[in-house]
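This is what each chain is made of:
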Amino acid sequence: MEYSIDYKEIFELTRRYGRLKSKSLGESGAQEKCLKGAELAVMFAIQHISLAKKATTSLVASELMMPKSQVSRVLNALESEELIERINSKTDRRAVYIILTEKGKALLLESENNYKRFINYIYESIGQSDFEQLIRILKKVEDALEDCRD
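This write-up is about the structure you can find in this document. (Residues numbered from 1 in each chain as written. Predicted model: local features only at pLDDT ≥ 70, side-chain atom pairs only at ≥ 80, totals over all residues. Heavy atoms only, no water.)

## Concerning the packing of helix α3 (residues 37-50) against helix α6 (residues 102-149)
Across the interface, α3 lies against α6 with an axial gap of 11 Å and an inter-helix angle of 110°. Comparing their axes, α6 and α3 come out roughly perpendicular. Contacts from Leu-40, Met-43, Phe-44 and Gln-47 in α3 reach Gly-104, Leu-108, Ser-111 and Glu-112 in α6. In the contact of α3 with α6, the residues fall into 4 nonpolar, 3 polar and 1 charged. (Axes fitted to C-alpha atoms, helices over the stretch in contact; angles between N-to-C directions. Helix = DSSP H or I, 4+ residues; strand = E, 2+ residues; numbered from the N terminus. Parallel < 35°, antiparallel > 145°, perpendicular 65-115°, else oblique. Contact = heavy atoms within 4.5 Å. Nonpolar A, V, L, I, M, F, W, Y, C, P; charged D, E, K, R; others polar.)

What follows is the structure, encoded as structure tokens:
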């Protein structure tokens, strides 16, 4: 018997998952500041890049596989919220580096803690065996998406 994919059910499950995940993360941190997923992703990318070198718009765009124009719009929003700061290079007038402000670092830490609480809750709810299976399946999905992209 051939398996029939229920696309509507998958769509509804993923839509509900996103909504439930947002609610379960609480009304603090990123939710309180009304940050969008792209804004948090850019902030995490800045943090990650800054461990090895100075973050630039191009590096963030490359890290996230996003167009530079989109990253620039997100950076403008983050800068207006005083979560990041742009610093001109003293040696190369064309270079602009991006750093997280103390406010941005605090928000990122709070968001990370909320995310860890969420993952721990899922782990406790579904158990170790199902959680390990979830990770295995998510890795397979990632591999399939990588293959699709190539």
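## A short note on the side chain of Thr-56
Tracing the backbone through its elements, the reader meets Thr-56 in the loop between α3 and α4 (57-64). Judged by its relative accessible area of 18%, Thr-56 is buried. From its side chain, Thr-56 meets the backbone nitrogen of Leu-59 in a polar contact 3.2 Å long. In contact with Thr-56, not counting residues within four places along its chain, are Val-96, Tyr-97 and Ile-98. (Buried < 20%, exposed > 50% of the residue type's maximum accessible area, 1.4 Å probe, protein only. Polar contact = N/O pair within 3.5 Å; in protein donor to acceptor, adjacent residues only side chain to side chain.)

## Observations concerning the nonpolar core
A general feature of soluble globular proteins is that nonpolar side chains tend to end up buried together. Counting residues in hydrophobic clusters, the biggest one holds 21 residues, and the most contacted among them are Ile-46 and Leu-78. Counting residues per element, the ones that place at least two in this core are α3, α4, α5 (68-80), β2 (96-100) and α6. Not counting residues up to four positions away in its chain, the partners in contact with Ile-46 are Ala-55, Val-60, Leu-75, Ile-84, Ile-98, Ile-99 and Leu-100. (Core = buried A, V, L, I, M, F, W, Y, C linked by side-chain atoms within 4.5 Å.)

## Here we look at a nonpolar patch on the surface
The grouping of Tyr-3, Ile-5, Tyr-7 and Ile-10 at the surface amounts to a nonpolar patch, some 510 Å² of accessible area in total. Its location among the elements puts Ile-5 in the segment before α1 (7-24). (Patch = residues over 30% accessible without salt bridge, like charges linked within 9 Å, V, L, I, M, F, W, Y side chains within 5 Å. Areas by Shrake-Rupley, 256 points an atom, 1.4 Å probe, with all protein chains shown as cover. Salt bridge = Lys/Arg side-chain N within 4 Å of Asp/Glu carboxyl O.)

## Observations concerning the packing of α3 against α4
Contact pair α3 / α4: the axes reach a minimum separation of 9 Å and the direction vectors enclose 110°. Judged on the interaxial angle alone, α4 and α3 are roughly perpendicular. Judged by the twist between their axes, the crossing of α3 over α4 is right-handed. Contacts between α3 and α4 involve Ala-41, Val-42, Ala-45, Ile-46, His-48 and Ile-49 on the former and, on the latter, Leu-59, Val-60, Glu-63 and Leu-64. Grouping the constituent residues of the contact of α3 with α4 by class yields 8 nonpolar, 1 polar and 1 charged. (Left-handed = near helix turned anticlockwise from the far one by under 90°.)

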